[in-house]
Protein chains: 2
Amino acid sequence: MASKEYEAILKVLLDAVQTANAANPAAAAPAATFPAGIPVGVSNHHIHLSQADLDTLFGKGYQLTPIKDLSQPGQFACKETVTIVGPKGAIEKIRVLGPVRSKTQIEILTSDSFKLGVKAPAKLSGDLAGTPGITIVGPKGSVQTAEGLIVAQRHIHMTLEDAAAYGVTDGEIVTLQVEGPRGGCFSNVAIRANNSSALECHLDNDEANAMSINSSTTVKILK
Amino acid sequence: MASKEYEAILKVLLDAVQTANAANPAAAAPAATFPAGIPVGVSNHHIHLSQADLDTLFGKGYQLTPIKDLSQPGQFACKETVTIVGPKGAIEKIRVLGPVRSKTQIEILTSDSFKLGVKAPAKLSGDLAGTPGITIVGPKGSVQTAEGLIVAQRHIHMTLEDAAAYGVTDGEIVTLQVEGPRGGCFSNVAIRANNSSALECHLDNDEANAMSINSSTTVKILK
């Protein structure tokens, strides 16, 4: 084949790639998957409390009662539950997760938003500036938070070593591929890498149900 | 550049494409999107009844009471609701959709499966062979169906003219792209094209909540 023909072929290929990328920006990055599947943890709505709010809701100096260790080191589910109340309705039995945090954070499902009558933005844990507040009711009192109501943004916890193995960095946004008859992909999945994490992808009940994900499902990073 | 260098480049490109395709079969097909967004209809759990089951549940010769036309021509929501009951629990106020059909079909959410204690497969409407049954309770009686409990497989209704415009055919399986901060894609979306349909993608509450889809969201076919 002459050099001119190769040039023509390369031009056709480049044009095709550019056209495809323009039509579908999500596919523009080279498709790279990583070998090992990532385990999935599915979260229902739950709440993290500050010590000050715990005091108001459960009594001065109250200590949480752990009942189950969670997959992230040091985190646990507690015996305690609270009720959260918005202008349209209340949701009872919201599980408290421990230990206490510097700020109260309420993680709900999109369906809960409709019940409460408050729209919660998708945010990463701790990123609470500008989020709406909610009324929390416990056995000894209630608090009206100024902020802290979020839908958890999809994220993957991992160690820095895992991150290097997967070729990603803390804070990077990736796409997640889910196999199976109700599979698909989730965009905007944040990598949360540090050395106090265990490898696990966190999705909420809505996301898990939409793709028929259960505790035995593994997912893949698709950059 | 010498012809040998072009050959080397082409080989690298081909190898890269083959490696990427092997790692990610979903991306192997050329990325093609279609220009116009498709409106989305979001369904909660609901039931279609046969006249025989309607008779048992509501009384001999009972006629459904339409309260709202649905987007698909001739389909309507009814005043009537029923309770469905499984080994683990009951769900009240399941809306009846009309008109009556030849077979009773109960479309639930994945979250309902857990409440009822019955696992429902993802199936297209009408494809009921081998699906589980459920107990349905109405004001005048109850029925135990032999089959008919499904989670609706994602699908897009369209006319044959729409199908031609989108370059798809009845029964074809496509991938759907959802934009936005909680976007992503749904695989295994069935095209249901005939001349009694209106253009609309049907997703259920779980799928809509997982990607923050509401009635103003449009989606794209990504083959």
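Everything numeric here is computed off the predicted structure, so don't read it as measured data.

*Asks:* Whenever I open this one, the overall build of chain A confuses me. Can you help?
*Replies:* Scanning chain A for helices and strands turns up five helices and 15 strands. Sorting the 223 residues of chain A into buried and exposed places 45% on the buried side. Taking the contacts inside chain A whose residues are at least 6 apart along the sequence as the reference set, 66% of them involve residues at least 24 apart. Approximately 10600 Å² of chain A is accessible, and the part contributed by carbon and sulfur atoms is 57%.

*Asks:* Even after reading the chapter, I still don't get the state of the cysteines, so can you show me in this structure?
*Replies:* Each disulfide is one covalent bond, formed between the sulfur atoms of two cysteines. Counted by the stated rule, this structure contains one disulfide over all chains. Linked covalently through their sulfurs, Cys185(A) and Cys185(B) form a disulfide whose S-S length is 2.2 Å. With Cys185(A) in strand E13 (residues 184-193) and Cys185(B) in strand E13 (residues 184-193), the pair connects residues from two separate chains. Side by side, Cys185(A) and Cys185(B) carry an identical accessibility label, which is buried. Between Cys201(B), a cysteine without a disulfide, and Cys185(B), which holds the nearest cysteine sulfur, the sulfur-to-sulfur distance is 13 Å.

*Asks:* I keep staring at the pairing of strand E5 (residues 90-101) of chain B and nothing clicks. Help me out?
*Replies:* On any regular strand, side chains alternate: one points to one face of the sheet, the next to the other face. All names here are of chain B. Across four bridges, strand E2 (residues 46-50) lies against E5 in parallel orientation. When the bridges of E5 are listed, His46 appears paired with Arg95. Alignment of strand E4 (residues 76-85) against E5, held across six bridges, turns out to be antiparallel. Note that in E5 the partner of Ile84 across the bridge is Ile91.

*Asks:* Sorry, what's going on with the pattern of salt bridges here?
*Replies:* A side chain with one charge can pair with a side chain of the opposite charge if their charged atoms come near. Evaluation of the coordinates by the stated rule reveals 14 salt bridges over all chains. Linking Lys123(A) and Asp127(A) is a salt bridge whose minimum nitrogen-to-oxygen distance equals 4.0 Å. A relative accessible area of 23% places Lys123(A) in the partly exposed class. Overall, Asp127(A) belongs to the partly exposed group, its relative accessible area being 39%. Put simply, Glu147(B) and Lys103(B) hold a salt bridge, and the shortest N to O gap is 3.7 Å. Here the residue Glu147(B) occupies a position in the loop between strand E9 (142-144) and strand E10 (149-152), and Lys103(B) occupies one in the loop between E5 and strand E6 (105-107), the gap between them amounting to 44 residues.

*Asks:* Could you clarify how one ought to interpret the pairing of strand E1 (residues 38-43) of chain B in this entry?
*Replies:* All names here are of chain B. Pairing geometry for E1 and strand E15 (residues 218-222), over two bridges, is antiparallel. For Pro39, the partnering residue across the bridge sits in E15 and is Thr218. Bridge count for E1 against strand E14 (residues 200-204) is four bridges, and the pairing is parallel. Pairing of Gly41 across the sheet is with His202, part of E14.

*Asks:* I tried to follow unusual backbone geometry on my own but got confused; where do I start?
*Replies:* Here the bond from Gly98(A) into Pro99(A) is cis, since omega is 0 degrees, no more than 30 degrees from zero. With respect to the element layout, Pro99(A) can be found in the loop between strand E5 (90-98) and strand E6 (105-107). Located in the positive-phi region is Lys93(B), a residue other than glycine, with phi close to 60 degrees. Within the secondary structure layout, Lys93(B) lies in strand E5.

*Asks:* Any chance you could explain the environment of Val143(A) here in plain terms?
*Replies:* Residues and elements named next belong to chain A. For Val143, the location among the structural elements is in strand E9 (residues 142-144). Along the primary structure Val143 and Leu54 are separated by 89 residues, whereas in three dimensions their C-alpha atoms are 9.6 Å apart. If sequence neighbours within four positions are ignored, Val143 has contacts with Asp53, Thr56, Leu57, Ile134, Thr135 and Ile136.

*Asks:* Help me understand helix H2 (residues 51-58) of chain A, please; the structure alone is not making it clear to me.
*Replies:* At 3.6 residues per turn, the α-helix brings residues three or four places apart onto the same side. Residues and elements named next belong to chain A. Asp53, Leu54, Asp55, Leu57 and Phe58 are the residues of H2 that are buried. Looking at the buried positions of H2, the neighbouring elements they touch are strand E4 (76-85), strand E8 (135-137) and E9. Positive backbone phi, approximately 115 degrees, marks Gly59, located one or two places after H2.

*Asks:* Honestly, the environment of Ala122(A) in this entry has me stumped. Any pointers?
*Replies:* Relative to the helices and strands, Ala122(A) resides in strand E7 (residues 122-123). Residue classification places Ala122(A) among the partly exposed residues on the basis of a relative accessible area of 31%.

*Asks:* Teacher, can you tell me more about the side chain of Thr145(B) here?
*Replies:* Residue and element names in this part refer to chain B. Summarising the element assignment, Thr145 is placed in the loop between E9 and E10. Of the residues examined, Thr145 reaches a relative accessible area of 9% and is grouped as buried. Of note is the side chain of Thr145, whose polar atom sits 3.0 Å from the backbone oxygen of Glu147. Not counting chain neighbours up to four residues away, the residues in contact with Thr145 comprise Asp53, Thr104, Ile106, Gly133, Ile134 and Ile136.

*Asks:* Quick question: what am I supposed to make of the confidence of the model for chain A here?
*Replies:* Any region with low pLDDT has predicted coordinates that should not be read closely. Residue and element names in this part refer to chain A. Of the residues in chain A, 84% reach a pLDDT of 70 or more, and the chain-wide mean stands at 89. Below a pLDDT of 50 lies the segment residues 25-31, which in the model reaches 10 contacts outside its immediate sequence neighbourhood of four places, other chains included. Predicted as a complex, the structure gets a pTM of 0.81 and an ipTM equal to 0.79.

*Asks:* It is not clear to me how the environment of Ile173(A) should be interpreted in this structure. Could you clarify?
*Replies:* Within the secondary structure, Ile173(A) is located in strand E12 (residues 173-178). Each C-alpha atom of the pair Ile173(A) and Ser197(A) lies 17 Å from the other, and the pair is 24 residues apart in sequence.

Parameters and conventions
Residues numbered from 1 in each chain as written. Chains lettered and ligands numbered in written order. Predicted model: local features only at pLDDT ≥ 70, side-chain atom pairs only at ≥ 80, totals over all residues. Heavy atoms only, no water. Helix = DSSP H or I, 4+ residues; strand = E, 2+ residues; numbered from the N terminus. Buried < 20%, exposed > 50% of the residue type's maximum accessible area, 1.4 Å probe, protein only. Contact = heavy atoms within 4.5 Å. Areas by Shrake-Rupley, 256 points an atom, 1.4 Å probe, with all protein chains shown as cover. Disulfide = S-S within 2.5 Å. Pairing = 2+ DSSP bridges. Salt bridge = Lys/Arg side-chain N within 4 Å of Asp/Glu carboxyl O. Polar contact = N/O pair within 3.5 Å; in protein donor to acceptor, adjacent residues only side chain to side chain. pLDDT = per-residue confidence, 0-100.

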